[in-house]
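Coordinate inspection notes
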Amino acid sequence: MKKVLLNYKTLNFAFALMLLCANSISSQTVFQDTFGTVAAATYSGGTSAPAITYTQSGAGVASTAVIGTGTDAYLNLVTNAVTPAVGSRPTLCGSLPTGTGLNAILTNNTNVVTWTVNMKSNRLGSNSTTSYAEGKNFMCVVLCASNNGILGNTTPTGSDGYALVYQKNTVVGTQASISLIKFHNGIGNSSLTVDAQELCTATRLIESPALTAIPATATFAALSIQVVYNPNFDSWQLYYREDPATATDPIVDPTTGTLLLAGTVTDTTYTSIAMTNFGFIAGSQTNNAYKFQYDNFKIGLSTPPPYTAPPTVEKRQVFNSASNPTVANLVATGDNIKWYAAASGGTALATSTALTYSNYYVTQTVSGTESERVLSQVFVGDTALKTLPLYEGFANYNSGDKLIVMNNSAAGNVATSTADGIALGSWSITPSSNITDDVTIVASPIWTNTVLPAATTGNAITFVASGVDPELKFTNATSGSLYSSFVFNVVDAPVAIVASTTTDPNYSTPTGFYSLMAQSPSTITPGTLSNDYAAAVMFRKNIASGKYNLGLSKSSNITECVWSTTEYDFNTQHVVVISYENIGDADPLNQVANLWIDPATSTQPAVTTLSQNNPTTSVTRDHIDRIKLVQASSTSTPTIIIDEIRVANNWGQALGGASTMGITSVKTSELKMYPNPVSNGKLYISSDSNLEKEVVIFNTLGQQVLQAKTITEAINVSNLNKGTYFVKITEAGLSATKKLIIQ
């Protein structure tokens, strides 16, 4: 059977469920041992298993007497010596049987392999950080090994293979956990001193959470464990259950009841090594009172269920809304591709279905078996220019996304003339070869500034050094004034930001990071990029004080920048408002750039923090049509977090004092919207006139997500995600817009 190697992180829960179901398929038990009822160091397996002789190493191997009232027994490993000698860890190693259906080389096996076993101990739950530290005190079941040197640590004595290890959790001070490991040259380092006999060159593939029921006293507690290996795609899964037990209680059969999934991983086996052995190890080093017990070891084979690997698809796909994209435009590599609107259920979408800003799921079908669904997040860029006032809170993007999605594409960082607009939401870039760094979506900090409206529960953006410069375009302003506000935090980057040698050795080289902008064609000279910037916010670091200044440039010319007299600490929050006034005025002296830092109220201050109207280079602009984020310098641009961006024609709207959706706000008589926040999926709207109301709900990007009509009945908003929305309510020709929170 052909093996398909996949990154398991791309496999979803449906796949994990398929593997779990594989355990219920009719299977063949190829080996099991219940460890009989005779106390002996060497003995045969149970009556239903092929006869096998174990090899003992170290002191303290024994089978127990009958436990409880039944006839069951188990394997007991304990260091018998009062003062354990070096290398006295007891082990019991057996050879995998031949001729019973279990192929000795797992990588050639075409069946699902399932191991089940009980593990029981009286000490490994201790919270001690010394005597029972990770690697020093453990019990182990070797599922498969390349030879019988499971305790050794040198070639050729030490074996390679996979094992279950029950020991202290990797977090110091916590309780025990169960792990699936891949080891090389044996488990225990028996050639070293007792205290140094720790796990050797083992890779932890899966680790369970801390085992809550395992006590820190000498009371027993037991585990039921199952490991599943599927050779079709080298997938390993670890299941476990904590079973209550005492020193005399029967151990619960691990093949019964429900087990918890500890985790999944994709890992290739040692393809050139025959897996010929298995075994049991007691990692007790200093005390012969520690008991390690095993029971019901079983190996089974089962036929893998029909399985088709998922198709190859980009995590993000971005389209320009002007092209009216449909499902037919979605790209995935595979056979008999089908697209769905949900992760499960429903029917495949018709190729003519119009795409929206949403999640889509794709499958392929091979030989009649359909694969699990794989997510592709689709962004349909809003090519219609944003109207003012506009608001960007980054609420609809996922943390970790790149604002310019073209950097995530299979084509790599290659900008072309068609790349314009390939970005999240309405963001875009002017095609350029300088796209070596990304603006990244991050979780929004808790913004504490009281001037702005309460920040959304969305995200923010961060960038550093040089790279792509995203733009957010809006309706062209050819006269009057524009205002923009944002909240930000500058994080120090002492390695990158160095003293300037060209202007002032006391400061780093100034660099811009945010600006209103006028893109050519205009009255300015085409191609003179610096003159396209208007009201550019600048940054420089004071090398001596370790603080920074903010500056303002009407043209982004750093030699003409005016600077704040106040210096600011890194890792502090600030609100900035910028304006460009008298756009289109023929006299450049009348065109003024202004900047305010941390205004005290939402009312425009009488005095600006910084102002510039007459730089050395005379600048006039006949329009402004976008804001731009600037990653100008690999040695001067620090790590910056920006959020809550607004652009408007006046100060009040720029600080969120009016509708952020570009909708004219008109009061209706005593309009009420409740409850707000909404937690039960039902929204009510009422007014004194009690007439029919048209209700349109927009997300924070200005995209319509719901439209309905109502008089008194509830509006169902249960399908909307948690977050902030804006509700436009129209009644008798009058409209009002209100903010809505959905919890």
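Residues numbered from 1 in each chain as written. Predicted model: local features only at pLDDT ≥ 70, side-chain atom pairs only at ≥ 80, totals over all residues. Heavy atoms only, no water.

Here the focus is the overall build of the protein. Each helix and strand in the protein was counted, giving two helices and 45 strands. Counting the 743 residues in the protein, one finds 52% classified as buried. Sequence-distant contacts, at least 24 apart, represent 70% of the contacts inside the protein between residues at least 6 apart. A total accessible area of about 30200 Å² is found for the protein, and carbon and sulfur atoms account for 52% of it. (Helix = DSSP H or I, 4+ residues; strand = E, 2+ residues; numbered from the N terminus. Buried < 20%, exposed > 50% of the residue type's maximum accessible area, 1.4 Å probe, protein only. Contact = heavy atoms within 4.5 Å. Areas by Shrake-Rupley, 256 points an atom, 1.4 Å probe, with all protein chains shown as cover.)

Moving on, we get to the sheet that holds strand β40 (residues 682-686). The three strands lie next to each other as β39-β40-β43, forming an open sheet whose pairing is antiparallel. Strands at the two margins of the open sheet, each flanked by one partner only, are β39 (672-674) and β43 (715-716). Across three bridges, β39 lies against β40 in antiparallel orientation. Residue Met673 lies in a different strand from β40, and its bridge partner there is Ile685. (Pairing = 2+ DSSP bridges.)

Turning our attention to the packing of aromatic side chains. For the structure shown, the criterion picks out 23 aromatic pairs. With 5.8 Å between their ring centres and 10 degrees between their planes, Trp115 and Trp236 make a pair best called stacked. With Trp115 in strand β6 (residues 112-121) and Trp236 in strand β12 (residues 235-243), this pair connects stretches of sequence that are 121 residues apart. Look at Trp115 and you get buried, because its relative accessible area is 3%. In this structure Trp236 comes out as buried when scored by relative accessible area, which is 0%. Relative to Tyr514, the ring of Phe486 has its centre 4.1 Å away and its plane inclined at 40 degrees; by these criteria the two rings are tilted. On the criterion of sequence distance, the pair formed by Phe486 in strand β29 (residues 480-491) and Tyr514 in strand β30 (residues 511-517) is long-range, its members being 28 residues apart. Judged by relative accessible area, which is 0%, Phe486 ranks as buried. Chaining the aromatic ring pairs together yields one cluster made of Phe31, Phe278, Phe280, Tyr294 and Phe297. Over the face of the ring belonging to Tyr340 we find Arg373, whose NZ or CZ atom lies 3.6 Å from the ring centre. Positioned above the aromatic ring of Tyr507, the side-chain terminus of Arg540 is 3.7 Å from the ring centre. (Phe/Tyr/Trp six-rings, centres within 6.5 Å; stacked < 30°, edge-to-face > 60°. Lys NZ or Arg CZ within 6 Å of the ring centre and 35° of its normal.)

What follows concerns the sheet that holds strand β37 (residues 624-629). Taking strand neighbours across the sheet as the criterion, the seven strands line up as β25-β28-β37-β30-β31-β32-β33 in an open arrangement whose pairing is antiparallel. Looking at the sheet topology across the chains shown, the edges are occupied by β25 (427-428) and β33 (562-563). Across two bridges, the pairing between strand β32 (residues 548-553) and β33 is antiparallel. Residue Gly551 lies in a different strand from β33, and its bridge partner there is Trp563.

Our focus in this paragraph is the environment of Asn676. Within the secondary structure layout, Asn676 lies in the loop between β39 and β40. For the pair Asn676 and Leu740, spaced 64 residues apart in the sequence, the C-alpha separation amounts to 6.2 Å. Residue contacts for Asn676: discarding those within four places in its chain leaves Lys739, Leu740 and Ile741. A distance of 2.9 Å separates a polar side-chain atom of Asn676 from the backbone oxygen of Lys739. For Asn676, the side chain forms a polar contact with the main-chain nitrogen of Ile741, separated by 3.0 Å. (Polar contact = N/O pair within 3.5 Å; in protein donor to acceptor, adjacent residues only side chain to side chain.)

Glancing now at the pairing of β12. Burial within β12 is extensive, with eight of its nine residues counted as buried. Bridge count for β12 against strand β13 (residues 260-266) is six bridges, and the pairing is antiparallel. Residue pairing for β13: Trp236 is matched across the bridge by Val265.

Glancing now at the environment of Phe488. Secondary-structure assignment places Phe488 in strand β29. Using a relative accessible area of 0% as the deciding quantity, one classes Phe488 as buried. Distance from Phe488 to Ile640, taken between C-alpha atoms, is 7.0 Å for residues 152 residues apart in sequence. Ignoring anything within four residues of it in the chain, the contact list for Phe488 reads Trp447, Phe513, Tyr548, Leu550, Thr572, Gln573, His574, Val576, Ile641 and Ile642.

Mean pLDDT for the protein: 74, with 68% of residues reaching 70 or above. Element-level mean pLDDT values for the protein span from 33 in helix α1 (residues 13-22) up to 97 in strand β19 (residues 338-340). Note that pLDDT drops below 50 for residues 127-132; the model gives that stretch 16 contacts with residues more than four away or on any other chain. Contacts from residues 190-197, a stretch scored under 50 in pLDDT, to residues over four places away or in other chains number 23 contacts. (pLDDT = per-residue confidence, 0-100.)

Judged by nonpolar contacts, the single largest core of 48 residues is most densely connected at Phe513, Tyr514 and Ile642. Grouped together as the second largest cluster of nonpolar side chains are 45 residues, Val30, Tyr162, Ala262 and Val265 included. (Core = buried A, V, L, I, M, F, W, Y, C linked by side-chain atoms within 4.5 Å.)

One can find Thr710 in strand β42 (residues 704-710). Among the polar contacts made by the side chain of Thr710, one reaches the main-chain carbonyl oxygen of Glu713 at a distance of 2.7 Å. Filtering out sequence-adjacent residues up to four positions away, Thr710 remains in contact with Leu691, Glu692, Lys693, Val695 and Ile715.

Enumeration according to the criterion identifies eight salt bridges in this entry. Between Glu471 and Arg626 there is a salt bridge, with its nearest N and O atoms 2.6 Å apart. Of the two residues, Glu471 is situated in strand β28 (residues 471-477) and Arg626 in strand β37; the sequence distance between them amounts to 155 residues. For Glu471, a relative accessible area of 0% puts it in the buried group. Several salt bridges converge on common partners, so that one network encompasses Glu471, Asp625, Arg626 and Lys628. (Salt bridge = Lys/Arg side-chain N within 4 Å of Asp/Glu carboxyl O.)

Looking now at unusual backbone geometry. Residue Leu388 is joined to Pro389 through a cis peptide bond whose omega torsion reads 0 degrees. Looking at where Pro389 falls in the secondary structure, it is placed in the loop between β23 (374-381) and β24 (390-392). With an omega of 15 degrees, the peptide bond between Asn676 and Pro677 qualifies as cis. The topology assignment puts Pro677 in the loop between β39 and β40. The phi dihedral of Glu644 falls on the positive side, at around 55 degrees, and the residue is not glycine.

Attention now moves to the pairing of strand β5 (residues 91-95). Every other side chain in a regular strand lies on the same face of the sheet, so the side chains alternate between the two faces. Taking burial as the measure, the five residues of β5 include four buried ones, the bulk of the element. Bridge analysis of strand β2 (residues 55-57) against β5 gives three bridges, and the strand direction is antiparallel. Bridge pairing in β5 places Thr55 opposite Cys93. Sheet analysis places β5 next to strand β14 (residues 277-282), joined by five bridges and oriented antiparallel. When the sheet's bridge partners are listed, Thr91 is paired in β14 with Ile281.

Following the sequence through the fold, Lys402 ends up in the loop between β24 and β25. A C-alpha to C-alpha distance of 9.1 Å links Lys402 and Ile461, two positions 59 residues apart in sequence.

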